[in-house]
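Residue strings, one per chain:
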Amino acid sequence: MGKIFLLFFLLNFCVTYPEIINTLSLLIKKDSNRFADDLLGEVTLSVLDFMEMEDDQHYGVLNSNRSVDWWPLTYATKNGIVPAGEIRLQIDFLPATEGVLVITAYEGRNLKNMELIGKQDPYCKFTIGKKLKKRTRTVKKGGTNPFFNEEEVEFWIGKNDWGSPLVFSCLDEDVGSDDLIGGRRFSLLPFFTQTEPLHDWFEISNKGKPTGEVQLRFEFFPAGRLKITCHAGRNL
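Keep in mind that what you see is a predicted model, and the values were worked out from it rather than measured.

Undergrad: What is the right way to look at the side chain of Thr127 in this model?
TA: Within the fold, Thr127 resides in strand S9 (residues 122–128). Using a relative accessible area of 14% as the deciding quantity, one classes Thr127 as buried. Contact partners of Thr127, with chain neighbours within four places excluded, come to Leu132, Lys133, Pro165, Leu166 and Val167.

Undergrad: When you look at the environment of Glu196 in this model, what are you seeing that I'm missing?
TA: Among the secondary structure elements, Glu196 is positioned in the loop between helix H1 (189–193) and strand S14 (198–206). Counting along the chain gives 24 residues from Glu196 to Phe220, while the straight-line C-alpha distance between them is 9.0 Å.

Undergrad: Would you mind going over the pairing of strand S12 (residues 166–172) with me for this structure?
TA: One face of the sheet, then the other: side chains in a regular strand alternate in exactly this way. Across the seven residues that make up S12, a large majority, six, are buried. Sheet topology places S9 next to S12; seven bridges connect them, and they run antiparallel. Within S12, the residue paired with Pro122 across the bridge is Asp172. Across seven bridges, the pairing between S12 and strand S13 (residues 179–186) is antiparallel. Across the sheet, residue Asp172 finds its bridge partner in S13, namely Asp179. If you look at the hairpin formed by S12 and S13, you'll find six residues sitting between the two strands, and Gly176 has a positive phi there, around 95°.

Calculation notes
- Residues numbered from 1 in each chain as written.
- Predicted model: local features only at pLDDT ≥ 70, side-chain atom pairs only at ≥ 80, totals over all residues.
- Heavy atoms only, no water.
- Helix = DSSP H or I, 4+ residues; strand = E, 2+ residues; numbered from the N terminus.
- Buried < 20%, exposed > 50% of the residue type's maximum accessible area, 1.4 Å probe, protein only.
- Contact = heavy atoms within 4.5 Å.
- Pairing = 2+ DSSP bridges.

If you want it as structure tokens, here you go:
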């Protein structure tokens, strides 16, 4: 017997305006053949259903109970469409917003030492897509527990940027080329809906192996229009 796997176990889709009228087709296949997998069933969902506002902070479907629900699968045969079981899905819609993302680098903890002798010189680097790159100042002789002096970097997140991940890297500045201590990726979308800044320790790794932790703070300020109305004056 072959293994049954979910073709869509965890996927992220960037939904832009031309795509919102489309449907999303999910396929369940059986891993039984090294050349072609057998289709067990499929379900087609309307993307628009998941873009309905439930309240001031959450998006979902009109019936919030359906955001985690069992969906019927079907299978096309020569004699027509037949039922093919059910699949339980959790589907969340995270809106994209333009604005400023402020990242504060606090300190590192138990970082891997990239120097054979002496202390390393760490710094933090942040990359979004191919063009947006920023870094902190180097902590000279910061070693394995550097303090980044709560340095802030700011990114303008435009309509062409939010689909790219934020790539964080912690490096050891060296002569010639800098050595990667460790890094990780962040999705930008959760920052758009958070009402409070995200401030925590984040584990980093290099080639799949943990290489320490870095304390970071993320705060997003959405773009908008500032309206100022002069109502009165006093003691002019």
